[in-house]
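# Structure assessment
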Amino acid sequence: MSVLSKPYFHNEEAAFAYLEGVIWPEGPTCPHCGATDRISSIKANPEKRVRIGLKKCGHCKGQFTVKVGTVFEHARMPLHKMLQAVYLMTSSKKGISAHQLHRVLEVTYKTAWFLAHRIREAMRSGDLAPFGGNGGAVEVDETFIGRKAGAPVKGAYHHKMAVLGLVDRETGRSRLFHVEKASGKLIQPIVMANIAREARLMTDESMIYRKVGREFADHQAVHHYEKEYVRGDVTTNTVEGAFSIFKRGMRGVYQHCAEKHLHRYLAEFEFRYSFREANGYNDNDRSTEAVKGIAGKRLTYARPDQRPEA
């Protein structure tokens, strides 16, 4: 039997029951007043326009469903189809295009495109704990992809969009950031904010990291210009491996990404890398983690390029 044969992928009531179990593991909470008791379920009645999953709070008398206050709020498509999209995006190593979602889910391309951005918003991590907190190694590197709108091609990478990557070797998790350009002024504050001072910093020989490297317990660099890629446990191969998955997905699946949307695609690839099988997560686990991330986030169609607040 297919994984997509599960009831919550095909039945709307089962989909709401699944989502409620993930978002409300200890029972429903009223999004209007925060009450956790005296909440009753209202029986669905399509003829009288009573929605599936509708609940009423006995304190504030407000009505709501589990979708209120999440990226799925006001979505004009069945919940079970949105859960199918979550599973497809989290189980595809290099992503799945909006055109493919539009064909598989039998929705319009516009709907599939916006749904994909909603799911990427759910994947965005709010974890602020610094990497390398117990003195472990953290690899840092930058890469370049695509082309900035209107930027003339002058060789090298100055016309491309810059991405900074961090990988904590011990936890196997990554963080990817879109930066305006690969300069010490922009990169050093991100490194300082996301890596614990007791960590061992691993970079290449770039001058960007020479000054900031002094802030950590140890800083080692490999010299790529001298064809040195590994020296003992000093290497940036892990973060470069994360970059390779990101680039293969962007070039082979998505093919094009405007700079204003890049941060959401980075969140998607960061999520799948951090919750990959090597870290103990299978496709079902990864899908559930993404569903957990829908709470407390909203994304309106008018501003799909809006960046998260700091």
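Before reading further, recall that the structure is shown in the block above.
Quick look at the structure, then. (Residues numbered from 1 in each chain as written. Predicted model: local features only at pLDDT ≥ 70, side-chain atom pairs only at ≥ 80, totals over all residues. Heavy atoms only, no water.)

### Description of the sheet that holds strand 2 (residues 55-57)
- In spatial order, the strands read 1-2-3; together these 3 strands make up an open sheet with antiparallel pairing. The sheet is open, and its two edges are formed by strand 1 (39-41) and strand 3 (63-64), each paired on a single side.
- In the sheet, strand 2 pairs with strand 3 via 2 bridges, with the strands oriented antiparallel. Counterpart to Lys55 in the pairing with strand 3 is Phe64. (Pairing = 2+ DSSP bridges. Helix = DSSP H or I, 4+ residues; strand = E, 2+ residues; numbered from the N terminus.)

### With respect to the sheet that holds strand 6 (residues 173-179)
- Read from one edge of the open sheet, 5 strands run 6-5-4-7-8, paired in mixed fashion. The two strands at the open ends of the sheet, each matched to only one other strand, are strand 6 and strand 8 (218-222). Across the sheet, the mean angle separating the axes of adjacent strands is 25° when strand polarity is ignored.
- Relative to strand 6, strand 5 (residues 161-168) runs antiparallel, the two being bridged by 7 bridges. Note on strand 6: the bridge partner recorded for Val167 is Ser174.
- Taken strand by strand, helix 7 (residues 237-254) contacts strand 4 (137-145), strand 5 and strand 6, and its axis lies near 30° from that of strand 4.
- On top of the sheet, helix 8 (residues 262-274) reaches strand 5 and strand 6; it is set at about 170° to strand 6, its chief contact. (Axes fitted to C-alpha atoms, helices over the stretch in contact; angles between N-to-C directions. Contact = heavy atoms within 4.5 Å.)

### Quick look at the nonpolar core
- Core analysis: the largest hydrophobic core is formed by 41 residues, its most contacted members being Leu19, Phe72, Leu79, Leu83, Leu101 and Leu115.
- Residue assignment for this core shows that the elements contributing at least two residues are helix 1 (12-23), helix 2 (79-91), helix 3 (98-105), helix 4 (109-123) and helix 9 (283-292).
- Sorting elements by how many residues they give to this core places helix 2 first, with 8 residues.
- Residues contacting Leu101, with those up to four places away along its chain left out, are Ala85, Leu88, Met89, Ile96, Glu106, Val107, Ala112 and Ala116. (Core = buried A, V, L, I, M, F, W, Y, C linked by side-chain atoms within 4.5 Å. Buried < 20%, exposed > 50% of the residue type's maximum accessible area, 1.4 Å probe, protein only.)

### Description of the layout of surface pockets
- Computed from the structure, the second largest pocket encloses a volume of approximately 370 Å³.
- Lining the second largest pocket, in full, are Asp141, Glu142, Phe144, Tyr157, Ala182, Asp204, Glu205, Ser206, Ile208, His224, Tyr225 and Glu240.
- At 3 residues, the largest contribution of residues to the lining of the second largest pocket is made by strand 4.
- Among the residues forming the lining of the second largest pocket, the class breakdown is 5 nonpolar, 2 polar and 5 charged. (1 Å grid on protein atoms, 1.4 Å probe; cavity = no way out; pocket = protein on both sides within 12 Å on 5 of 7 lines; lining within 4 Å. Points joined across faces, edges and corners; volume = space filled by probe spheres on them. Nonpolar A, V, L, I, M, F, W, Y, C, P; charged D, E, K, R; others polar.)

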